[in-house]
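Reading the structure
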Amino acid sequence: PVTMVDQGSLTIENVEEVVRSRPDTRIVIIDHVQRMSTKGRENRNLEIGHIAQRLKTLAKDTPCTVVLLSQMNRASDLDGRPRLAALRDSGELEQEADGVIFLWSQAADPTANPLRVEFFLAKNRHGALVSVEYDFLKHLKRFDPISGEEVLAEMERDRRLKEQLNFLTQGGR
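Now for a quick tour of the structure. (Residues numbered from 1 in each chain as written. Predicted model: local features only at pLDDT ≥ 70, side-chain atom pairs only at ≥ 80, totals over all residues. Heavy atoms only, no water.)

Here the focus is helix H2 (residues 44–61). For H2, built from 18 residues, the straight-helix expectation of 26 Å at 1.5 Å per residue is met to within 8% by its first-to-last C-alpha distance of 26 Å. Among the residues making up H2, those that are buried are Glu47, Ile48, Gly49, His50, Ile51, Ala52, Leu55, Lys56 and Leu58. If you follow the buried residues of H2, they end up packed against helix H1 (12–21), strand E1 (27–30), strand E2 (65–68) and helix H3 (92–96). (Helix = DSSP H or I, 4+ residues; strand = E, 2+ residues; numbered from the N terminus. Expected span 1.5 Å × (residues − 1). Buried < 20%, exposed > 50% of the residue type's maximum accessible area, 1.4 Å probe, protein only. Contact = heavy atoms within 4.5 Å.)

Encoded structure:
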């Protein structure tokens with residue numbers, strides 16, 4: 001069973017109420033935290049922090065996995081690969097999260113189809129930090145894993161390019 005709550009002004013209290021009224025809930029996906037609110041907070045950073053803390057508690061107290069989407073600060077667009085500090089509105093998002101995954105592409109043409117996208121695990125409380133690349137197929141709205149052959153071919157191209165650069169920088173010797 002799937003339950004969708006599509007309200008314009010979703011509060012943390014609404015989310016808690018839905019989860020507690022449906023004990024078979026296994027995953028909660030919130031798109032996105034900056035659209036949520038809570039009662040009695042005047043500072044937005046404190047409000048987002050409070051929401052993050054309550055969602056962490058919800059995940060611990062119930063058999064739910066909470067997936068929370070967040071906007072990034074605009075400055076993160078300028079300096080390449082995203083960092084934890086780029087999470088918008090509150091350091092509490094980083095602090096409360098067990099894991100943080102960024103989707104990132106360094107493609108020169110963001111309209112390419114397929115678009116190579118990196119899933120970068122920037123925080124993992126229970127393991128290693130890793131990154132995995134996928135091809136995003138826009139017409140199917142789907143991420144496909146890159147085959148092992150493609151990865152090996154790309155590594156071989158990189159190796160050959162390095163050899164050619166070394167040859168040229170050493171004066172063709």
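Glancing now at the nonpolar core. Of all hydrophobic cores here, the largest spans 22 residues; its most connected members are Val15, Leu55 and Phe102. Within the residue set of this core, elements represented by two or more residues are H1, E1, H2, strand E3 (99–104) and strand E4 (115–124). For this core, the element with the highest residue contribution is H2, accounting for 5 residues. When neighbours within four sequence positions are excluded, Val15 is seen to be in contact with Leu10, Val28, Ile30, Met36, Leu55 and Leu58. (Core = buried A, V, L, I, M, F, W, Y, C linked by side-chain atoms within 4.5 Å.)

Here the focus is the pattern of salt bridges. Applying the stated criterion across every chain yields a total of 11 salt bridges. As a salt-bridge pair, Glu118 and Arg81 come within 2.3 Å of each other at their nearest N and O atoms. Of this pair, Glu118 sits in strand E4 while Arg81 sits in the loop between E2 and H3, placing them 37 residues apart in sequence. Assessed through its relative accessible area of 10%, Glu118 is described here as buried. With a relative accessible area of 34%, Arg81 lands in the partly exposed category. Between Asp135 and Arg116 there is a salt bridge, with the nearest N and O atoms lying 2.8 Å from each other. With Asp135 in strand E5 (residues 131–137) and Arg116 in strand E4, this pair connects stretches of sequence that are 19 residues apart. A relative accessible area of 12% places Asp135 in the buried class. Taken together, the shared-partner salt bridges connect Glu156, Arg159, Arg160 and Glu163 into one network. (Salt bridge = Lys/Arg side-chain N within 4 Å of Asp/Glu carboxyl O.)

Read these as layout, nothing more, since geometry by itself doesn't imply function.
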